[in-house]
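Residue-level structure breakdown
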Amino acid sequence: MIRVLKVRPGSIGETLEITPGTLLLRMNGRPVRDSLDLLFLQSEESLELEAELPDGSPVVFEVEKDADESLGLVPEPDKIRRCTNACPFCFVKGNPKLEKLRAGLYIKDDDYRLSFLHGHYITLTNLRDDDWERIAEQQLSPLYVSVHATDPDVRLKMLVNPRSAAIDSDLDRLQAAGIEFHAQVVLCPELNDGLVLERTMEDLYARGEGVLSLSVVPVGLTRFNQAHATRVLTVEECRAALTQVDRARSRALRERGRGWCYASDELFLQAGLDLPPGEYFDDPELVGNGVGAITLLAERVAASVGDLPSLHGKQIVLVTGTSMEAQLESMAESVAAVSGARVAVASRENTLYGPMVTTAGLLSGRDHLEALTPYAGFDLALFSHQALNEDGRFLDDLSLDELRTEIPTLEIWPSATITDVLTGV
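Residues numbered from 1 in each chain as written. Predicted model: local features only at pLDDT ≥ 70, side-chain atom pairs only at ≥ 80, totals over all residues. Heavy atoms only, no water.

Another point: the packing of helix H4 (residues 129–137) against helix H6 (residues 167–176). Running from amino to carboxyl end, H4 crosses H6 at an angle of 35°, the nearest separation of the two axes being 9 Å. On the side of H4, the interface is formed by Asp129, Trp132 and Ile135, while H6 contributes Asp170, Arg173 and Leu174. Partitioning the contact of H4 with H6 into residue classes produces three nonpolar, no polar and three charged. (Axes fitted to C-alpha atoms, helices over the stretch in contact; angles between N-to-C directions. Helix = DSSP H or I, 4+ residues; strand = E, 2+ residues; numbered from the N terminus. Contact = heavy atoms within 4.5 Å. Nonpolar A, V, L, I, M, F, W, Y, C, P; charged D, E, K, R; others polar.)

Right, let's talk about the packing of aromatic side chains for a bit. Per the counting criterion, the structure on display carries eight aromatic pairs. Here the aromatic rings of tyrosine 262 and tyrosine 280 are separated by 6.4 Å at their centres, their planes lie at 75°, and the arrangement is edge-to-face. Highlighted residues: tyrosine 262 in strand S10 (residues 261–263) and tyrosine 280 in the loop between helix H9 (265–270) and helix H10 (293–304), separated in sequence by 18 residues. Of the two residues, tyrosine 262 and tyrosine 280, both sit in the buried class. Here the aromatic rings of tyrosine 280 and phenylalanine 281 are separated by 4.7 Å at their centres, their planes lie at 75°, and the arrangement is edge-to-face. You can call phenylalanine 281 buried: its relative accessible area is 12%. Joined through ring pairs, the aromatic side chains of Tyr262, Phe268, Tyr280 and Phe281 make up one cluster. It is arginine 249 that lies over the ring of tyrosine 280; its NZ or CZ is 3.9 Å from the centre. Over the face of the ring belonging to tyrosine 205 we find arginine 256, whose NZ or CZ atom lies 3.7 Å from the ring centre. (Phe/Tyr/Trp six-rings, centres within 6.5 Å; stacked < 30°, edge-to-face > 60°. Buried < 20%, exposed > 50% of the residue type's maximum accessible area, 1.4 Å probe, protein only. Lys NZ or Arg CZ within 6 Å of the ring centre and 35° of its normal.)

Laid out in structure tokens, this is it:
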């Protein structure tokens with residue numbers, strides 16, 4: 001059963017006078033175990049919803065609706081399935097122990113429901129028989145799987161979980177159930193690179209088109225776990241991996257008509273190379289996991305910069321991490337040339353996680369404050385919307401409102417494409 005957190009205005013739920021705190025027990029006789037069940041079960045046109053009101057009274061709602069119409073019930077968050085692995089390079093383990101960060105950063109999830117709903121990568125090591133049955137029954141496809149290596153000994157060394165060595169049979173089980181999946185390799189030097197990566201690519205490609213993609217991402221370490229994990233890839237190791245990815249891509253393009261194997265933006269940046277053109281990333285489903293996100297941003301800026309109003313006399317600053325500085329400088333020049341504004345870029349080294357963490361979305365609120373203080377006399381500051389959670393808080397729990405209070409002379413806004421905010425200025 002799940003409890004209703006809120007009811008959307010104008011929804012069927014509001015019409016039925018369902019109130020927050022109501023327990024949803026069964027739909028058409030089937031138990032409502034979590035929000036995923038709610039999503040699936042409410043798709044029926046005729047519903048008998050058994051519930052329990054906040055005062056404990058039982059109630060049954062009869063509903064007739066369109067198949068694609070939601071009840072408008074927002075449930076309380078599900079209890080997250082935790083990760084049972086002990087990967088030494090785990091980013092959650094790379095969080096500081098003594099500083100106050102957002103609580104969610106310390107949750108090490110490995111939940112197949114989040115994989116289906118939100119594209120989270122999972123390892124398959126904590127699935128019970130009933131989980132496998134549910135994945136097959138509800139056809140939770142596609143999923144996103146952190147394979148890392150198809151060599152069972154290497155995967156065991158990486159995940160430090162006896163269950164992890166069964167990756168081959170786990171992938172067999174997914175495919176036997178008709179579940180497609182995106183695969184990921186977090187590349188660790190002298191562990192799953194080189195010949196091990198070559199085998200992983202070959203094994204996954206041989207599984208056919210049910211393996212929708214393979215993303216190769218360089219391991220990311222913080223100052224809190226670098227001494228206990230692997231090391232970061234060298235420039236030469238990044239370039240060697242990119243050569244392997246290119247070979248796999250060429251084969252897939254020739255035989256299947258799409259790239260299939262992709263290197264993340266960060267692998268190119270760590271290799272000291274320019275990002276590839278947009279057509280390299282022919283699978284938009286991977287953007288949220290750092291594959292093509294920077295290229296997509298550049299394309300969106302280029303496509304929308306012509307719509308900017310005149311901003312002559314305005315002074316604008318863009319905050320970013322160290323890895324994006326060159327790319328953002330180029331975008332800033334485009335914005336300035338069209339709008340007439342002065343556009344500066346404030347690149348900030350990550351003081352929370354350390355200099356090895358270079359992305360804008362992982363800068364803390366304090367880092368944003370330090371980066372923006374010299375620009376207090378500017379008119380407007382933009383930063384990556386990915387640095388905030390849904391509650392408007394940065395990684396270190398500083399809120400956007402608190403940041404604005406610290407620099408009251410500067411208008412500060414999160415942005416997805418830079419031009420999204422500037423168009424409305």
